[in-house]
Amino acid sequence: MLLFYLSLLETEEAKSRFELLYNTYRRLMYTASYEILKDHYLCEDALHEAFIRIMKNMNGLDEITCHKTRSFVVIVAENESKRLFMKRKKNAAIFLDDGFETIPDFNQDINLIIDKADEEVIVKRLKELSKDDAEILTFKYFQELKDKEIASLLKISNSAVRKRLERARKKLAVLLNSGDDNYD
Amino acid sequence: MTNQIIADQKLKRALALYEEKRIAILEEKIDYEIDFSENFEKRMQKLFRFQRKPYYKFINTAGKRVAMIILSVITALSVATLSVEALRKPFIEIVISIYEQFTGVSYKNEDSPQRFPLEIEEVFLPMQLPDGYTLMESNNYGVAIKTIFSNGTNDLYFEQYTITATQITIDTEGVEIETLTINDHIVLFFNNKGINTIMWTDGSYGYTAFGSLDKNALIELVNTTKN
């Protein structure tokens, strides 16, 4: 474990930024984690894992106190909490309904639909997406991470990232297309 | 600008707004009196201390390789041990409880639950896919692995999960469940809202596959699922 930690950070600047980031966001990250795990000690475990993951990506982060960084650390904390939650859960009952929803056939131009929609409407529809879908869209379009970086954060393959993104965009487009908000 | 770039920019702005609102709600919930445990503080301090060491680059190369070799040996030994354990397949009974609007499926075993893997230790997948289907996505959640295959038009969902679950609930309002026996496995098949589903257990794990494939194609998945 020691070897692993040691290999993570590369510059002195990154090291001090990491400590600043920890002090700035640990309470927010804890709160995000608690929403999922509802257990103090599990949250601490999730946070520890989250900070290790963030250390790996420190060099790609903007200013510590900016909105983009705040969003990034929260999503990483949520992701580690979900992973821990799934790992500990002994009851597989929810799996059949969890994240396996089918998407209706949709052959329209997704870019055009997003382009035509009002930003506030898109925000409204994003709230209706599953957390996993919103998370991957945030990583890709707001955090502007490469597929490879998203794959590393989510511990999935590059092709899985592309597939998830495609599905999330399609679901968003279906939601945008189904509502009448655009004509308000 | 092309449609793609315009849409991506718009999505970026919308996601920024979405995240701002979402995190603002979280920030309102922050308890500034959170008392992090001594153990957690120690672990974090350890992280900070490790960062400050100057010799991580050496460790990052040769040391890592040595660690990987040791890890590979340990993993190989664990797999050998698990394989021997897997020979002792316990008897499992599938219990179906039909309620008014849903059906509960339980895996009941005569032996102690401790004998079943509590996490996925061996991955099982269909070795032969229906024509045109390829692997799209697979996610390991520790107690379950969800895999999606697709032929470009239709998706096929395949799931392997631990059978420590007390009950799996399926929305089966107005649905008839068919019980089959395939290769000594009790297999459940049903169609719900146009989606065909097949469920079975091999004595160690439970499996569910569903999609638009017909019954015979789903049964073929039972026959070809191996690790």
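Residues numbered from 1 in each chain as written. Chains lettered and ligands numbered in written order. Predicted model: local features only at pLDDT ≥ 70, side-chain atom pairs only at ≥ 80, totals over all residues.

## A word on the overall build of chain B
So, step 1. Summing up its helical and strand segments, chain B has 4 helices and 12 strands in all.
So, step 2. Going through the 227 residues of chain B one by one, you find that 24% of them count as buried.
So, step 3. Of the contacts made within chain B by residues no fewer than 6 positions apart, 50% connect residues no fewer than 24 positions apart. (Helix = DSSP H or I, 4+ residues; strand = E, 2+ residues; numbered from the N terminus. Buried ≥ 20, exposed ≤ 12 C-beta atoms within 10 Å, placed from the backbone. Contact = placed C-beta atoms within 7 Å.)

## Quick word on the overall build of chain A
So, step 1. Helix and strand counts for chain A stand at 9 helices and 0 strands.
So, step 2. Each helix and strand of chain A, ordered N terminal to C terminal, gives the series α-α-α-α-α-α-α-α-α.
So, step 3. When the 184 residues of chain A are sorted by exposure, 39% land in the buried category.
So, step 4. Sequence separation of at least 24 residues holds for 74% of the intrachain contacts in chain A that already meet a minimum separation of 6.

## Here's the deal with the sheet that holds strand 4 (residues 134-140) of chain B
Residues and elements named next belong to chain B.
So, step 1. Strands sit in the order 4-5-6-11-10-9-8 across an open sheet of 7 strands; the sheet is antiparallel. Where the open sheet ends on each side, the last strands, each with one partner, are strand 4 and strand 8 (178-182). Neighbour-to-neighbour, the strand axes of the sheet open up by a mean angle of 20 degrees, direction not taken into account.
So, step 2. Note that strand 9 (residues 185-192) and strand 10 (residues 195-201) share 6 bridges and pair antiparallel. Looking across to strand 10, one finds that phenylalanine 189 is bridged to isoleucine 198. (Pairing = 2+ DSSP bridges. Axes fitted to C-alpha atoms, helices over the stretch in contact; angles between N-to-C directions.)

## With respect to the nonpolar core
So, step 1. Met29, Val73, Ala77 and Ile114 of chain A are the most contacted members of the largest nonpolar core, which has 52 residues in total.
So, step 2. Of the residues forming this core, the biggest block, 9 residues, is contributed by helix 2 (residues 12-37) of chain A.
So, step 3. For alanine 77 of chain A, the contacting residues outside a window of four places in its chain are Met29, Ala32, Ser33, Ala46, Leu47 and Ala50 of chain A.
So, step 4. Within the second largest apolar cluster, 23 residues are counted, among which are Phe158, Tyr161, Met199 and Leu213 of chain B. (Core = buried A, V, L, I, M, F, W, Y, C linked by C-beta atoms within 7 Å.)

## Some points on helix 3 (residues 40-56) of chain A
So, step 1. Along its 17 residues, helix 3 of chain A runs 25 Å from first to last C-alpha, staying within 8% of the 24 Å computed at 1.5 Å per residue.
So, step 2. Among the residues of helix 3 of chain A, Cys43, Glu44, Ala46, Leu47, Ala50, Phe51, Ile54 and Met55 of chain A are the ones counted as buried. (Expected span 1.5 Å × (residues − 1).)

## Describing the packing of helix 8 (residues 147-154) of chain A against helix 9 (residues 158-178) of chain A
Residue and element names in this part refer to chain A.
So, step 1. Two elements in contact, helix 8 and helix 9, have axes separated by 8 Å at closest approach and are oriented at 100 degrees. Judged by the angle between their axes, helix 8 and helix 9 are roughly perpendicular. Together, Asp147, Lys148, Ile150 and Ala151 of helix 8 and Asn158, Val161 and Arg162 of helix 9 make up the contact between the two elements.
So, step 2. Among the residues making up the contact of helix 8 with helix 9, the classes are represented as 3 nonpolar, 1 polar and 3 charged. (Parallel < 35°, antiparallel > 145°, perpendicular 65-115°, else oblique. Nonpolar A, V, L, I, M, F, W, Y, C, P; charged D, E, K, R; others polar.)

## Focus on the environment of leucine 126 of chain A
So, step 1. Within the element layout of this structure, leucine 126 of chain A appears in helix 6 (residues 119-128).
So, step 2. Excluding anything up to four places from it in sequence, leucine 126 of chain A contacts Ala134 and Leu172 of chain A together with Ala14, Leu15 and Tyr18 of chain B.

## Some points on the environment of valine 76 of chain A
All names here are of chain A.
So, step 1. Relative to the helices and strands, valine 76 is located in helix 4 (residues 67-88).
So, step 2. Here valine 76 falls in the buried class, since 26 other C-beta atoms lie within 10 Å of it.
So, step 3. Sequence separation between valine 76 and phenylalanine 51 is 25 residues, and the spatial gap between their C-alpha atoms is 8.5 Å.
So, step 4. With sequence-adjacent residues up to four places away left out, valine 76 is seen in contact with Ala50, Arg53, Ile54 and Leu153.

## Let's talk about the confidence of the model for chain A
So, step 1. Chain-level statistics for chain A give a pLDDT mean of 80 and a share of 79% at 70 or above.
So, step 2. Within the model, pLDDT remains below 50 along residues 90-100 of chain A, and this stretch shows 24 contacts once partners closer than five positions in the same chain are excluded. (pLDDT = per-residue confidence, 0-100.)

## A short note on the packing of helix 4 of chain A against helix 7 (residues 131-142) of chain A
Helices that pack against each other are described as a pair by the angle of their axes relative to one another and the distance between those axes.
All names here are of chain A.
So, step 1. Where helix 4 meets helix 7, the axes come as close as 11 Å, and the angle between the chain directions of the two elements is 150 degrees. Crossing of helix 4 over helix 7 shows left-handed handedness. Of the residues in helix 7, those in contact with Lys68, Ser71, Ile75 and Asn79 of helix 4 are Glu135, Thr138 and Phe142.
So, step 2. A class-by-class count of the residues in the contact of helix 4 with helix 7 yields 2 nonpolar, 3 polar and 2 charged. (Left-handed = near helix turned anticlockwise from the far one by under 90°.)

## A short note on the pairing of strand 5 (residues 144-150) of chain B
All names here are of chain B.
So, step 1. By the bridge criterion, 6 bridges tie strand 4 to strand 5 in an arrangement that is antiparallel. What sits directly across from glutamate 137, in strand 5, is isoleucine 148.
So, step 2. Here strand 4 folds back onto strand 5 in antiparallel fashion, the turn holding 3 residues, of which glycine 142 has a positive phi close to 90 degrees.

## Side note on the confidence of the model for chain B
All names here are of chain B.
So, step 1. Scored by pLDDT, chain B comes out at a mean of 73, with 65% of its residues at no less than 70.
So, step 2. Mean pLDDT across the secondary structure elements of chain B bottoms out at helix 3 (residues 56-86), with 38, and peaks at helix 4 (residues 215-224), with 91.
So, step 3. Contacts for the low-pLDDT stretch residues 54-90, under 50 throughout, to residues beyond four places or in other chains number 23 contacts.

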